[in-house]
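Single-letter residue listing:
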Amino acid sequence: MNALPTPALCVTNLTHAYGARKALDDVTFSTPQGRFTVLLGLNGAGKTTLFSLITRLYAAQQGEINIFGLNIIRHPSAALRQLGVVFQSRTLDLELSLIQNLLYHAALHGIEPKKARALGLAALERAGLSGRAQDKARTLSGGQMRRVEILRALMHAPHLLLLDEPTVGLDIKARADLIAQVRSLVKEQNLSVLWTTHLIDEIDHDDEVIILHQGKILATGRADHIIKNSGAATISEAFALITGNHAERPLI
Amino acid sequence: MSLTAQDRIKPLALRQYLICLWGIVWREGLRFLHQRERFISALVRPLVWLFIFAAGFRQVLGISIIPPYDTYILYEVYITPGLMAMIQLFNGMQSSLSMVYDREMGSMRTLLISPFPRWFLLSSKLFAGVFVSILQVYAYLLIAYFWEIEPPSLWGYVTVLPALALCGLMLGALGMVLSSLIKQLENFAGVMNFVIFPMFFASSALYPLWRVKESSPYLYYACALNPFTHAVELIRFSFYQKFDWISCAAVSAYTAVFLIAALIAYDPARGMLMRKNT
């Protein structure tokens, strides 16, 4: 038996190009189980491409992706079952009610409708949205939509939750609520989370951080270690030093 | 987190596949019900052709006795199968439009990250579209019935069902291929000009092919190759409880070709999605 637990997500030598432009260049990193890992990068760093490859929207040209040790190409079905995903764009069906959105997602994972309804209603209740189960998704605020998207992503009890810039377009309070919600899932349910962002203030000092810049991984490790190793005082400074581009500092 | 290796790669059960299929059809049905304008326009379009165009052209276009008809028929009766196929053609294109929309909005991604094989997800989506198109055709036939357009026996309504299913699949699969080729929603208008209109007019929907042959042999060959012609003829014959094996074979072959092309287009390794989701 291996003494180290299998990483929640393990990406090895991943390279992907659109024509001549390399969106990802020999990317290698892994995220530990039961931790909140932040993938930090500016717009255009390759985060969305990486996300599309992990979710098998399209296949990598080179390299490997394993989710809890399951190869995404060899065992796509088993690997995808481990995965809950919140995409950057809003993907709730606005014409359907909240519970219908959840039931549809559950059906896409082969969950019995009766069980799915019970799961969906319980999840909405926990999120304080039980009175709105029959409301159309379009009546929700941006923050509420995101919360429902997270509930939906967790309907099939995945072990790894991926969130692609989930706080984009949210106000300060909704952002804080959302981060707190996801952090509590990590703490209470031992969920593994990969949170991509370009907003540096979403990082805590003990979070695992992966810095992706122009398609390359420049640093990985705990935030406080990255700060220390780079000789900076803050993660923002560390990011600027590591990427060597002060003009393009991520937003705080 | 401590799942055994076998548990983790256990294949999905047949029942789960059925739940997934049901879920996709259910969602498509709900969306259809919520888009009343779509239903009404799907119904009004063929009715305009039937009540206005066919009535106007009744005197101009004489139809000789051709199979499957045993007697002289009214022009309205002649164009009804073409209009049934037209409903399915529009529905197929509408489904592809909604796939482009879904892709732009991101909800296509929620479908594609399901653990079921991609061919199954896309086929289910296709079936869902066919189901909706068949509902539309029967709604049209109900109205046409009161216009005294009906099959020789009520069984015609039953025998036409498999033909509608096959034609719906063919046109839906064609729509799916197109949806993978269209980069943006705005480009969809081109589909109207370059796919729907040529397919509809260069077919046996509005006039029998022998008439086309008289005026232009080249156009006749184009019509004879047009998959839509075969869809119309398959529907026409089955509505009269007859079987036209040539059109059935042609529609089956075209369906297979379009399906394979759609699956290749949405295959993650070769997919054309790649160019669009950067």
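To start, this report covers the structure provided alongside it.

**Things to note about the sheet that holds strand β10 (residues 216-222) of chain A**
All names here are of chain A.
Step number 1: The strand order across the open sheet built from six strands is β6-β7-β8-β3-β9-β10, with neighbouring strands paired in mixed fashion. Since the sheet does not close on itself, it has two edges, and those belong to β6 (83-86) and β10, each with one partner. Averaged over all adjacent pairs, the angle separating strand axes in this sheet is 15°, with direction ignored.
Step number 2: Examined bridge by bridge, β6 and strand β7 (residues 160-164) share four bridges and lie parallel to one another. In the sheet register, Val86 faces β7, and the bridge partner there is Leu163.
Step number 3: Across the sheet, helix α1 (residues 47-54) is in contact with β3 (36-40), β6, β7, β8 (192-197) and β9 (208-213); its angle to β7 comes to roughly 145°.
Step number 4: Each of β9 and β10 touches helix α7 (residues 223-230); the most contacted strand, β10, lies at about 115° to it.

**Observations concerning the sheet that holds strand β2 (residues 21-31) of chain A**
Residues and elements named next belong to chain A.
Step number 1: Pairing in this open sheet of four strands is antiparallel, and the strands run β2-β1-β4-β5 from one edge to the other. At either margin of the open sheet sits one strand with a lone partner, and together these are β2 and β5 (70-71).
Step number 2: In this structure, strand β1 (residues 9-18) lies alongside strand β4 (residues 62-67), joined through five bridges in antiparallel fashion. Counted as the bridge partner of Leu9 is Ile67 from β4.
Step number 3: Against the sheet, α1 makes contact with β1, β2 and β4, and its axis sits at roughly 115° relative to β1, the strand it touches most.

**Structural notes on the interface of chain B and chain A**
Step number 1: The interface of chain B with chain A comprises 38 residues on the first partner and 41 residues on the second.
Step number 2: Taken over both partners, the interface formed by chain B and chain A buries close to 3,800 Å², and the fraction arising from carbon and sulfur atoms is 64%.
Step number 3: Counting every contact that joins chain B to chain A gives three salt bridges.
Step number 4: Connecting chain B to chain A are nine residue pairs in polar contact (both at pLDDT 80 or more).
Step number 5: Secondary-structure elements contributing two or more residues to the side of chain B that touches chain A are α2 (14-34), α5 (107-112), α6 (118-146) and α13 (273-276) of chain B.
Step number 6: The element best represented in the side of chain B that touches chain A is α2(B), accounting for 12 residues.
Step number 7: A per-class count over the side of chain B that touches chain A returns 22 nonpolar, nine polar and seven charged.

**Remarks on the pattern of salt bridges**
Step number 1: Scanning the model with the defined rule gives 19 salt bridges over all chains in all.
Step number 2: Here Asp93(A) makes a salt bridge to Arg27(B), at a shortest N to O gap of 2.9 Å. Note that Asp93(A) is positioned in the loop between β6 and α3 (98-108) and Arg27(B) in helix α2, a pairing that runs across two chains. Both residues of the pair, Asp93(A) and Arg27(B), belong to the buried class.
Step number 3: The shortest N-O distance in the salt bridge between Asp93(A) and Arg31(B) comes to 3.1 Å. Residue Asp93(A) is located in the loop between β6 and α3, and its partner Arg31(B) is located in helix α2; the two belong to separate chains.
Step number 4: With relative accessibility at 11%, the residue Arg31(B) sits in the buried group.
Step number 5: Bridged by salt links that share partners, the residues Lys22(A), Asp25(A) and Lys216(A) form one connected network.

**Here we look at the environment of Glu165(A)**
Residues and elements named next belong to chain A.
Step number 1: Structurally, Glu165 is set in the loop between β7 and α6 (172-189).
Step number 2: Glu165 sits 126 residues away from Leu39 along the chain, and the two C-alpha atoms are 9.5 Å apart.
Step number 3: If we skip the residues at most four places from it in the chain, Glu165 touches Asn43, Lys47, Gln88, Arg146, Thr196, Thr197 and His198.
Step number 4: Polar contacts involving the side chain of Glu165 include one to the side chain of Lys47, which spans 3.0 Å.

**Observations concerning helix α4 (residues 113-126) of chain A**
Residue and element names in this part refer to chain A.
Step number 1: Taking 1.5 Å of rise per residue, the 14 residues of α4 would be expected to cover 20 Å, and the 20 Å separating its terminal C-alpha atoms lies within 8% of that figure.
Step number 2: Of all the residues in α4, the buried ones are Ala116, Gly120, Ala123 and Leu124. The buried residues of α4 occupy an angular sector of 95° when projected down its axis, which confines them to one face. Seen from the buried face of α4, the exposed residues on the opposite side, beyond 90 degrees, are Lys114, Lys115, Glu125 and Arg126.
Step number 3: Residues of α4 that are buried in the fold lie against α3 and α5 (142-153).
Step number 4: A positive backbone phi angle near 70° is found at Gly128, which sits one or two residues after α4.

Rules and cut-offs
Residues numbered from 1 in each chain as written. Chains lettered and ligands numbered in written order. Predicted model: local features only at pLDDT ≥ 70, side-chain atom pairs only at ≥ 80, totals over all residues. Heavy atoms only, no water. Pairing = 2+ DSSP bridges. Helix = DSSP H or I, 4+ residues; strand = E, 2+ residues; numbered from the N terminus. Axes fitted to C-alpha atoms, helices over the stretch in contact; angles between N-to-C directions. Contact = heavy atoms within 4.5 Å. Buried area = accessible area lost by both parts, 1.4 Å probe. Salt bridge = Lys/Arg side-chain N within 4 Å of Asp/Glu carboxyl O. Polar contact = N/O pair within 3.5 Å; in protein donor to acceptor, adjacent residues only side chain to side chain. Nonpolar A, V, L, I, M, F, W, Y, C, P; charged D, E, K, R; others polar. Buried < 20%, exposed > 50% of the residue type's maximum accessible area, 1.4 Å probe, protein only. Expected span 1.5 Å × (residues − 1). Arc of directions from axis to C-beta.

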